[in-house]
Amino acid sequence: MARYILQRVFAAFVALWILTTVTFVLMHAIPGGPFTRERNVPEAVMRNIEAKYHLDDPLWQQYLDYLGGVVRFDLGPSFKFQGQTVNDFIRRGFPVSAELGIISIILSMAIGIPVGIISALRQNKWQDNVTMLVAIIGVSVPSFIIAPLLMYVFALKLRWLPPAMWGSWRQVIMPAVALALLPLATFSRLMRSSMLDVISQDYIKTARAKGLSELAVTWRHAVKNAVMPIVTYLGPLIAAILTGTFIIEQIFAIPGLGRQFVWSVNNRDYTTILGLTIFYGAFLLLMNLVVDIIYGFLDPRIQIAGRKD
Amino acid sequence: MDNLLRVRDLKTSFFTYAGEVRAVDGVNFDVAGGEAVAIVGESGCGKSVTAMSLLRLIPEPGKVLAGSVELAGRDLVKLKEREMRHVRGNDISMVFQDPMTSLNPVLTIGTQLMEAIRQHQKVEKDKARARAIETLEMVKIPSADKRLAQYPHQLSGGMRQRVMIAMALSCHPKLVICDEPTTSLDVTIQAQIIELLKDLKKATGMSIILITHNLGVVAGLATRVIVMYAGKIVEYGPVNEIYGIPQHPYTWGLLRSVPRLDAAEKRRLVPIYGQPPDLLKPPVGCRFNPRCDHAMKICREQEPPFVPVNGNGQHHVACWLQHPAAPAVAGFKKGVPA
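None of these values were measured; they are calculated from a predicted model.

Focus: the overall build of chain A
The helix and strand tally for chain A stands at 13 helices and zero strands. Along chain A, helices (α) and strands (β) appear in the sequence α-α-α-α-α-α-α-α-α-α-α-α-α when read from the amino end. By its C-alpha atoms, chain A is 85 × 60 × 30 Å across when sized along the principal axes. Among the 309 residues that make up chain A, the fraction classed as buried is 43%. Within chain A, residue pairs in contact and separated by at least 24 positions form 73% of the contacts whose partners lie at least 6 positions apart. Per element, the accessible surface of chain A, about 16400 Å² overall, is 69% carbon and sulfur. Charge-centre separation for chain A: the mean point of 27 positive side chains lies 10 Å from the mean point of 18 negative side chains.

Pasting the structure below:
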């Protein structure tokens, strides 16, 4: 198992290096740089600024310098915010994005999975039809529609919740709900189809023939088998949601990582773009590794290389 | 003979979009205590649905419509679902066809064995464990205590079927239904499993309903045979009479399609031509008439009644050829096959 993890970690570093390189090249291929907009700056000052941030070095030099920093977990200074580093951004933004993300994922699983199970058990009955209709709406309506709608109803009309910003638990509710809707709908649809597949299996017939209650059949025999696709989906979902979601953070004015990311792209804040991309990439790779290890625990047929029985 | 199980006029249908499929259409039979009865017939003739009807485990959109299933005098059809659950696995248990798919891949053998025991006997975990080991030893699984922690994929097909049998026996059932217990196993393992079932029957005094299309398996285990065709019983009797003096043309067909090592000369296997009928619209009269070599006019018009064969009151057949007015047809043993 240790060997397997070591291999995976090594592969992850290779992937991250490729990611860094490609992002670096693409970023520099976009016309314009971090300071091109400040037109009235005299040429001498401009040259000074470029020298300060090593932008006058040849590209390969900049690339090697940057890699050197990444290896030391130093993602460099922001080109746009004086005196702030990309590490600062992550330290500040990630906890906010992660808190919002974890709450929405818990919310979406806590509702989506049971809903999927129930609609599978009541296949083609009204419970199933209603929940699947709602799920389709959840999948197809984008969050930039849901979020203002929630805001309008609960903040503006009913005045139950504060409309935006971050800080108190009441400010978490709306963005968390808006963010949870898509994964919730996806979870319920995944769980439903997976359960339908599992409950037609022979071992479910065996379990019934043993005289087990419907609850025991569902819980012990079906759910554990049906939960695999959920785990698969969970890995990238956690990485995507915890590292920030631009739209929700923008609408609710939440100082998270997603907003920072998009802002940095618009402003050609080279180090921030690179740094956040690497952070997201590393997180995604980590989550995929965690998912693969969880598989091994959920399904004994999946042997994690090197594990002896 | 005191009957453990009395099935009377059992009717099970599936209500599909196309209409009502009468999978089991008025079936009667008895099983005595300690007896092994085989139900034979080709795929889709209603054998398995009959078995599942006994346990009331017919999947949607199927339904047991009529009839009674009396187990030791208690009509299972009338029981509440909760009471029925106590019958399943406890009074009647089941061994399914494919041990590769009938065991839950993510639960250990131990969990799957012990949950049935704990469900019905309300015993402590260590007692259930002891019972689980005991049943695994009964089905001759070596190092039984170590198996409890193993998962199904770590066992061979034959071992898994032994586990299935152990599971079925764990609560001392009165009746075990074996639905094609050997079909997915290779031939040497088949013989072992049949031998095992025979020993277990002797040791525990349980009754067995053996569902199969393998007539060799029948001969090894059962004392009586019920031949089903298209949801109905067409012939039943003691095993030696079904093999020795079969009366129904369908039974002849089944027997002719079995290869024999002891045949005096080489002969071709004769299949039963055609397909089993569409049970949405079963043929009028005798259901076998479209495929029967000896079908007469009446076979296409009226359903044949059961008539006794051989005068011992045990062997019956539903065929118009038995009617005094029917022309003499050379029977199975009188030279028609070969």
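Points about the overall build of chain B
Per the secondary structure count, chain B includes 11 helices and 12 strands. Judged by the C-alpha coordinates and their principal axes, chain B covers about 70 × 50 × 40 Å. Scored against the burial criterion, the 338 residues of chain B give a buried share of 54%. The contacts of chain B with a sequence gap of at least 6 include a subset with a gap of at least 24, amounting to 64%. About 15300 Å² of surface is accessible on chain B, with carbon and sulfur atoms providing 53% of the total. Across chain B, the mean location of the 42 positive side-chain charges is 1 Å away from that of the 33 negative side-chain charges.

A few points about the domain arrangement of chain B
For interface size, the figure often reported is the accessible area lost on association. Residues and elements named next belong to chain B. Partitioning chain B into structural domains gives domain 1 (3-222) and domain 2 (229-334). Its C-alpha centre places domain 1 at a distance of 28 Å from the equivalent point of domain 2. Taking both partners together, domain 1 and domain 2 bury about 1400 Å²; carbon and sulfur atoms supply 58% of that area. Our enumeration of links across domain 1 and domain 2 arrives at two salt bridges. Notably, a salt bridge pairs Asp25 with Arg287, separated by 2.7 Å at the nearest N-O pair.

Some points on the packing of helix α7 (residues 170-199) of chain A against helix α10 (residues 228-242) of chain A
Residues and elements named next belong to chain A. At a closest axis distance of 10 Å, the pairing of α7 and α10 adopts a crossing angle of 165°. Taken together, the axes of α7 and α10 are roughly antiparallel relative to one another. Considering only the axes of α7 and α10, their crossing is right-handed. On α10, the residues touching Leu179, Pro183, Thr186, Phe187, Leu190, Met191 and Ser194 of α7 are Pro229, Ile230, Tyr233, Leu234, Leu237 and Ile241.

Points about the pairing of strand β3 (residues 36-40) of chain B
Residues and elements named next belong to chain B. Buried residues dominate β3, accounting for five of its five residues. Residues of β3 alternate between two faces, with Ala36, Ala38 and Val40 on one and Val37 and Ile39 on the opposite face, all of them buried. As judged from the five bridges shared by β3 and strand β8 (residues 207-212), these two strands associate in the parallel manner. Note on β8: the bridge partner recorded for Ile39 is Ile211. Taken together, the four bridges between β3 and strand β9 (residues 224-229) define a ladder with parallel strand orientation.

Focus: helix α8 (residues 202-209) of chain A
Of all the positions in α8 of chain A, only Tyr203, Ile204, Thr206, Ala207 and Ala209 of chain A are classed as buried. Among the structural elements, α7 and α9 (214-226) of chain A together with β6 (92-95), α3 (99-102) and α7 (157-169) of chain B are those in contact with the buried residues of α8 of chain A. Just beyond α8 of chain A, the residue with positive phi is Gly211 of chain A, at close to 90°.

What to know about helix α6 (residues 143-157) of chain A
Two residues of an α-helix separated by three or four positions point the same way, owing to the 3.6 residues in each turn. Residue and element names in this part refer to chain A. Spanning 15 residues, α6 covers 20 Å between terminal C-alpha atoms, matching the ideal 21 Å at 1.5 Å per step. Among the residues of α6, Ile146, Ala147, Leu150, Met151 and Ala155 are the ones counted as buried. The inward-facing, buried residues of α6 contact α7 and α11 (246-251). Positive backbone phi, approximately 55°, marks Arg159, located one or two places after α6.

Looking at the interface of chain B and chain A
Every contact between the two is made by 26 residues of chain B and, on the other side, 20 residues of chain A. Both faces considered, chain B and chain A share a buried interface measuring about 2100 Å² in area, 59% of it formed by carbon and sulfur atoms. Per-residue buried area on chain B facing chain A is highest for Pro105, Val106 and Glu115 of chain B; these three make up 27% of the total on that side. One can count two salt bridges joining chain B with chain A. In this structure, Glu115 of chain B engages Arg220 of chain A in a salt bridge whose closest nitrogen and oxygen atoms are separated by 2.3 Å.

Focus: a nonpolar patch on the surface
Side chains of Phe10, Val14, Trp17, Ile18, Val22 and Leu26 of chain A sit close together on the surface and give an oily, nonpolar patch of about 600 Å² of accessible area. Structurally, Ile18 of chain A can be placed in helix α1 (residues 2-29).

A look at the layout of surface pockets
For the largest pocket, the calculated volume is near 1500 Å³. Arg208 and Glu214 of chain A together with Ile58, Pro59 and Glu60 of chain B are the residues nearest the centre of the largest pocket, which is lined by 41 residues in total. Tallying contributions element by element places α9 of chain A first for the lining of the largest pocket, with five residues. Looking at the lining of the largest pocket, its residues break down into 20 nonpolar, eight polar and 13 charged. For the second largest pocket, the calculated volume is near 660 Å³.

Considerations on the pairing of strand β10 (residues 232-238) of chain B
Residue and element names in this part refer to chain B. Counting buried positions over the seven residues of β10 gives six, a clear majority of the element. The pairing of β9 with β10 spans six bridges and is antiparallel. By the bridge assignment for β10, Tyr229 is matched with Lys232. The hairpin formed by β9 and β10 contains two residues between the paired strands, and Ala230 there has a positive phi angle of roughly 50°. Across two bridges, the pairing between β10 and strand β12 (residues 315-318) is antiparallel. By the bridge assignment, Tyr236 is partnered in β12 with His316.

What counts and how
- Residues numbered from 1 in each chain as written.
- Chains lettered and ligands numbered in written order.
- Predicted model: local features only at pLDDT ≥ 70, side-chain atom pairs only at ≥ 80, totals over all residues.
- Heavy atoms only, no water.
- Helix = DSSP H or I, 4+ residues; strand = E, 2+ residues; numbered from the N terminus.
- Buried < 20%, exposed > 50% of the residue type's maximum accessible area, 1.4 Å probe, protein only.
- Contact = heavy atoms within 4.5 Å.
- Areas by Shrake-Rupley, 256 points an atom, 1.4 Å probe, with all protein chains shown as cover.
- Lys, Arg positive; Asp, Glu negative; His and termini not counted.
- Charge placed at Lys NZ, Arg CZ, Asp CG, Glu CD.
- Domains from an automatic or database assignment.
- Buried area = accessible area lost by both parts, 1.4 Å probe.
- Salt bridge = Lys/Arg side-chain N within 4 Å of Asp/Glu carboxyl O.
- Axes fitted to C-alpha atoms, helices over the stretch in contact; angles between N-to-C directions.
- Parallel < 35°, antiparallel > 145°, perpendicular 65-115°, else oblique.
- Left-handed = near helix turned anticlockwise from the far one by under 90°.
- Pairing = 2+ DSSP bridges.
- Expected span 1.5 Å × (residues − 1).
- Patch = residues over 30% accessible without salt bridge, like charges linked within 9 Å, V, L, I, M, F, W, Y side chains within 5 Å.
- 1 Å grid on protein atoms, 1.4 Å probe; cavity = no way out; pocket = protein on both sides within 12 Å on 5 of 7 lines; lining within 4 Å.
- Points joined across faces, edges and corners; volume = space filled by probe spheres on them.
- Nonpolar A, V, L, I, M, F, W, Y, C, P; charged D, E, K, R; others polar.

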